[in-house]
Amino acid sequence: MAVAVGRGFLLQPSSSSSFISKDVNKSSIGITSAFLPAKPGTTRRYLATVVRAQQRPTWLPGVDPPPYLDGTLAGDFGFDPLGLGEDPESLRWYVQAELVHARFAMAGVAGILFTDLLRVTGIRELPVWYEAGAVEFKFASTRTLFIVQLLLMGYMDYISPGSQAKEGSFFGLEASLEGLEPGYPGGPLLNPLGLAKDIRNARDWKLKEIKNGRLAMVAMLGIFVQASVTHVGPIDNILEHLSDPWHKTIIQTLANSGS
């Protein structure tokens, strides 16, 4: 946490133990006082140091976030080294894009791990996840699955933030989805437990979702790299590592793949 230390100053003793002025933001200012013994014939002195701390965490301690990332967005830690969100319209689009990609990644990681576990344990005869696309689906066509996927991921809000809540704009399903807020459809289909009915005040839920989504995107990238290098699924990879943790690591795997 970056701090700015103000200069010390002397205060005369007073009847009040608090000496914070009215124009100081108490939520962001800490006062540290130390009693200094007075010499004979002098007045006791107090040395006060004012420490002003950052009001919110940032992705890198000591880095000031850009002014357009003021902490109002869920998961905003001031990370935008390329300045992609300076334009407000671009920032709205990037927020929606990240949210959609995060949800795709969470669904993808869960699906890959679950089906790979069924395959490795022999419970079901399934292809490895990166070959599943070549297998013909028996219960629904590819087009049907694609449309369902777009519905579940809030496609209309992705291409036009806020449009999902407008009547007649989302395939006639607006009443069932109850467009709570851009990017956050609800209703009995997508929010059956009513966990975030007041979506504008559901900051904790939004923060948890975007954090888990970002973790899932990193995990998805790792699964892609593993599949490209080892040509097996993630469960096979973890089992191989556990069989010899000191020698079956990512370093040895990458070294062997390059040789």
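Each chain has its residues counted from 1, following the order in which its sequence is written. Reporting in this predicted model follows two pLDDT cut-offs: at least 70 for local features of residues, and 80 or more for side-chain atom pairs to be given and counted; totals over whole chains, interfaces and linings ignore these cut-offs and use all residues. To obtain the side-chain values, all non-hydrogen atoms of the structure were used and water was disregarded.

Taking an unreviewed UniProt entry as the reference, the protein is identified by name as Photosystem I chlorophyll a/b-binding protein 5 belonging to Citrus sinensis.

Draft legend 1. Summary view of the nonpolar core. The term nonpolar core refers to a set of buried residues drawn from Ala, Val, Leu, Ile, Met, Phe, Trp, Tyr and Cys, joined through side-chain atoms within 4.5 Å. Three exposure classes are used, based on accessible area relative to the maximum for each residue type with a 1.4 Å probe and protein chains only: buried under 20%, partly exposed in between, and exposed over 50%. If you look at the biggest cluster of nonpolar residues, it comprises 9 residues: Ala105, Val109, Ile112, Val128, Trp129, Ala216, Met220, Ile223 and Ala227. Numbering of helices and strands runs from the N terminus; a helix is a DSSP stretch of H or I covering at least four residues, while a strand is a stretch of E covering at least two. Elements that contribute at least two residues to this core include exactly helix H1 (88–121) and helix H6 (203–230). Leu99, Ala102, Ala196 and Ile199 belong to the second largest nonpolar core, which has 7 residues in total.

Draft legend 2. Spatial organisation of the environment of Asn191. Inspection of the secondary structure puts Asn191 in the loop between helix H5 (187–190) and H6. Residues count as neighbours in contact if any of their non-hydrogen atoms are within 4.5 Å of one another. Setting aside chain neighbours within four positions, we find Asn191 in contact with Gly186, Ala196 and Lys197.

Draft legend 3. How the structure looks around H6. A helix's residues, less one, multiplied by 1.5 Å, set its expected span. In this model, H6 (28 residues) spans 40 Å end to end at C-alpha, consistent with the 40 Å of a helix rising 1.5 Å per residue. The set of residues buried in H6 consists of Lys206, Ile210, Gly213, Ala216, Met220, Ile223 and Ala227. Those residues of H6 that are buried are in contact with H1 and helix H7 (234–243). Looking one or two residues beyond H6, the residue adopting positive phi is His231, at roughly 60°.

Draft legend 4. Summary view of the confidence of the model for the protein. Summary of the metric used: pLDDT quantifies the predictor's per-residue confidence within the range 0 to 100. When the pLDDT values of the protein are averaged, the result is 74; 64% of them are 70 or greater. The least confident element of the protein, judged by mean pLDDT, is strand S2 (residues 9–11) at 40; the most confident is H6 at 93. Within the model, the stretch residues 1–36 combines pLDDT values under 50 with 65 contacts to residues more than four positions away or in other chains. Predicted confidence for residues 45–54 stays below pLDDT 50, and this span has 53 contacts to residues more than four positions away or in other chains.

Draft legend 5. View of the packing of aromatic side chains. Aromatic pairing here means that ring centres of Phe, Tyr or Trp (its six-membered ring) are within 6.5 Å. Orientation follows from the plane angle: under 30 degrees is stacked, over 60 is edge-to-face, and everything else is tilted. All chains considered together, the criterion is met by 4 aromatic pairs. Consider the rings of Trp59 and Phe79, whose centres lie 4.8 Å apart with planes at 85°: the pair is edge-to-face. Taken together, the positions of Trp59 in the loop between strand S4 (45–53) and H1 and Phe79 in the loop between S4 and H1 put the pair 20 residues apart, joining distant regions of the chain. Judged by centre distance (5.6 Å) and plane angle (80°), the rings of Trp93 and Tyr94 are edge-to-face. Here Trp93 falls in the partly exposed class, since its relative accessible area comes to 38%. Since its relative accessible area comes to 37%, Tyr94 is described here as partly exposed. Three or more aromatic residues joined by ring pairs form one cluster here, namely Trp129, Tyr130 and Phe224.

Draft legend 6. Focus on the environment of Leu215. With respect to the helices and strands, Leu215 occurs in helix H6. Considering only alpha carbons, one finds Leu215 and Ala102, 113 residues apart in sequence, at a separation of 8.4 Å.

Draft legend 7. Representation of a nonpolar patch on the surface within the structure. Side chains of Leu82, Leu84, Trp93 and Tyr94 sit close together on the surface and give an oily, nonpolar patch of about 430 Å² of accessible area. Its location among the elements puts Leu84 in the loop between S4 and H1. Only residues whose relative accessible area exceeds 30% and that form no salt bridge are eligible for patches; like-charged ones are grouped when within 9 Å, while nonpolar side chains (Val, Leu, Ile, Met, Phe, Trp, Tyr) are grouped when within 5 Å. Throughout, the Shrake-Rupley method with a 1.4 Å probe supplies accessible areas, and for residues the shown protein chains are the sole cover considered. The term salt bridge refers to a pairing of a side-chain nitrogen on Lys or Arg with a carboxyl oxygen on Asp or Glu at a separation within 4 Å.

Draft legend 8. Summary view of the pattern of salt bridges. This model, assessed by the stated rule, comprises 6 salt bridges. For Arg214, the salt bridge goes to Glu98, with nearest N and O atoms at 2.8 Å. On the criterion of sequence distance, the pair formed by Arg214 in helix H6 and Glu98 in helix H1 is long-range, its members being 116 residues apart. Glu98 sits in the partly exposed class, given a relative accessible area of 27%. In this structure, the salt-bridge partner of Arg119 is Asp236, at a minimum N-O distance of 2.7 Å. Here the residue Arg119 occupies a position in helix H1, and Asp236 occupies one in helix H7, the gap between them amounting to 117 residues. You can call Arg119 partly exposed: its relative accessible area is 23%. By relative accessible area, Asp236 is classed as partly exposed at 24%. Linked through salt bridges whose partners overlap, the residues forming this network are Asp116, Arg119 and Asp236.

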